[in-house]
Amino acid sequence: MLLTDQHPLNKSIVVSVLGAPNVGKSSLINYLLGMDLSVVTARPQTTRNKFNCVFTVDRTEVVLVDTPGLHRASHEFNKRLNDQAREGADGVDLNLLLIDLSREVMKQFTEFKEIFRRDLSKTWVVFTKSDLIEGAESLPLKEIIEQAKLVIPSIQKYFVLSSLKGENVHHLIGALCDAATPGAHLYPGGDISDKNERFFVTEYIRQQAFELLRDEIPYEVAVVIEEYKDYRGKEVPESKLVSEISACILVNRPSQRAIVIGSQGVMIKEIGVRSRKKIEALVGGQVHLNLHVKVSPKWFNNNFVLEEIGLPRAQDSRRVWRKK
Ligand SMILES: Nc1nc2c(ncn2[C@@H]2O[C@H](COP(=O)(O)OP(=O)(O)OP(=O)(O)O)[C@@H](O)[C@H]2O)c(=O)[nH]1
Ligand SMILES: [Mg+2]
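All values reported here derive from a predicted model rather than from experimental measurement.

Engineer: What is the right way to look at the packing of helix α6 (residues 197-212) against helix α8 (residues 266-283) in this model?
Structural biologist: When two helices pack together, you describe them by how their axes are tilted relative to each other and by the distance separating the axes. At a minimum axis separation of 9 Å, α6 and α8 run at an interaxial angle of 140°. Here the hand of the crossing between α6 and α8 comes out right-handed. Counting all contacts with α6, which are made through Glu 197, Phe 200, Val 201, Tyr 204, Ile 205, Gln 207, Gln 208, Ala 209 and Leu 212, the residues of α8 involved are Met 267, Glu 270, Ile 271, Arg 274, Ser 275, Lys 278, Ile 279, Leu 282 and Val 283. Here the contact of α6 with α8 is composed, by residue class, of eleven nonpolar, three polar and four charged.

See below:
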């Protein structure tokens, strides 16, 4: 789109949000968006796909790219997560590298550099979870940043904030708006993401599975949509019904299927009730959600399933098992 199609004072910036798992990438994004769009849980490796989302301040559009946390990976599935993070930084104007203040700080820079395996373009460091550290602003962060620049030379400045409390986030917002350059908005029509509702439906179901299930089970769960009927703008069978959705929760082993269903179906019912609330808030109306559980042994090595859940082959992918 030509700039002349839009307001002449429009500005835009595309910003990746990078860092280790669980440092608060999605939480910061949700705070900036002012809504719970991205999935947040207390577990690491919650986010599995990179996606864009957008907020505007006056005439400035800020496009944020949420990414999975970069981590050491030997399994095919984890390699694909890391590749999503690397791709999330492709072609952006700026990278935000999030560093969790409640964990060892320098290690996060060195591990990031080692796993990211590329040179980062223009980077700002965002120290997160400042509410967990007493006197966070009096920490020797300038010195830490000087050391970090030896590892990642493209670091330009840093922020210290808490997405939980909203402390200091306005400094980051101001700086992002200042760094935006004149140009057309990439999402002029009011869209808030490059992913569609189906994607967020699977995310919200998986979020509940992450929160309600224990041990390794959440990591061996994937969600795929089987049927998605959207009645908006159509003649609807029931006046308030917006969509009818059937989704399948994939698990690795039969014993996990029994746990996800729960005694007399209580667990799957709870996952359904909780995720439906979030889905209804997203689509703005009543939703029928039909969930079931399927055993798909080693789905995390199955190229078809991985592609279905938006994780294409990574550069360092191995040959993976294919279903005949
Ligand atoms: N105390 C505190 N907790 C936070 C803050 N930001 C995030 N958290 C918590 O940290 C945990 C992880 O947050 P996420 O936003 O999911 O982290 P992430 O970096 O997106 O994690 P992955 O998607 O797994 O890579 C959640 O329990 C959040 O509530 C913060 O500013 N303060
Ligand atoms: Mg996340």
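Engineer: What's the story with the nonpolar core in this structure? I'm lost.
Structural biologist: Grouped burial of nonpolar side chains is what soluble globular proteins tend to show. With 54 residues, the main nonpolar core has Leu 64, Leu 96, Leu 172, Ile 205, Ile 249 and Ile 279 as its most contacted residues. Counting 24 residues, the second-largest nonpolar core is a separate cluster that includes Val 105, Phe 116, Ile 144 and Ala 148.

Engineer: Mind showing me how you'd approach the coordination of the magnesium ion (ligand 2) here?
Structural biologist: Each pair of donors in an ideal four-coordinate tetrahedral metal site encloses 109.5 degrees, whereas pairs in an ideal six-coordinate octahedral site enclose 90 or 180 degrees. Ser 26 (OG) and Thr 47 (OG1) make up the full set of protein donors to the magnesium ion (ligand 2), lying at 2.0 to 2.1 Å. Highlighted residues: Ser 26 in helix α1 (residues 25-33) and Thr 47 in the loop between α1 and β2 (51-57), separated in sequence by 21 residues.

Engineer: Mind showing me how you'd approach the pattern of salt bridges here?
Structural biologist: Pairing is possible between side chains of opposite charge, provided their charged atoms come close. In the structure shown here, the tally under the stated rule is 18 salt bridges. In this structure, Glu 270 engages Arg 274 in a salt bridge whose closest nitrogen and oxygen atoms are separated by 2.8 Å. Pair noted here: Glu 270 and Arg 274 are both in helix α8, with a separation of four residues, about one helical turn. If you follow the salt bridges from partner to partner, you end up with Arg 72, Glu 111 and Glu 114 in one network.

Engineer: What is the right way to look at the sheet that holds strand β8 (residues 222-230) in this model?
Structural biologist: The strands making up a sheet associate through hydrogen bonds between their backbones, and the pairing can be parallel or antiparallel. Reading across the sheet, the three strands line up as β8-β9-β10 and stay open at both edges, with mixed pairing between neighbours. Strand pairing shows two members of the sheet lacking a second neighbour, β8 and β10 (286-295), which therefore form its edges. Going across the sheet, the axis of each strand differs from the next one's by a mean of 20°, ignoring polarity. For strand β9 (residues 241-251) and β10, the ladder comprises ten bridges, and the chain directions are parallel. Bridge pairing in β10 places Cys 248 opposite His 292. Where helix α7 (residues 254-261) meets the sheet, it contacts β9 and β10, and its direction lies at approximately 155° from that of β10.

Engineer: For this particular structure, what's the right way to read the packing of α1 against helix α5 (residues 169-179)?
Structural biologist: Here α1 crosses α5 at 75°, and the two axes come no closer than 11 Å. When the interaxial angle is binned, α1 and α5 end up roughly perpendicular. Residues Leu 28, Tyr 31 and Leu 32 of α1 form the contact with α5, whose own contacting residues are Val 169, Leu 172 and Ile 173. Here the contact of α1 with α5 is composed, by residue class, of six nonpolar, no polar and no charged.

Rules and cut-offs
- Residues numbered from 1 in each chain as written.
- Chains lettered and ligands numbered in written order.
- Predicted model: local features only at pLDDT ≥ 70, side-chain atom pairs only at ≥ 80, totals over all residues.
- Heavy atoms only, no water.
- Axes fitted to C-alpha atoms, helices over the stretch in contact; angles between N-to-C directions.
- Helix = DSSP H or I, 4+ residues; strand = E, 2+ residues; numbered from the N terminus.
- Left-handed = near helix turned anticlockwise from the far one by under 90°.
- Contact = heavy atoms within 4.5 Å.
- Nonpolar A, V, L, I, M, F, W, Y, C, P; charged D, E, K, R; others polar.
- Core = buried A, V, L, I, M, F, W, Y, C linked by side-chain atoms within 4.5 Å.
- Buried < 20%, exposed > 50% of the residue type's maximum accessible area, 1.4 Å probe, protein only.
- Donors = N, O, S within 2.8 Å, 3.2 Å for Na, K, Ca; no water.
- Salt bridge = Lys/Arg side-chain N within 4 Å of Asp/Glu carboxyl O.
- Pairing = 2+ DSSP bridges.
- Parallel < 35°, antiparallel > 145°, perpendicular 65-115°, else oblique.

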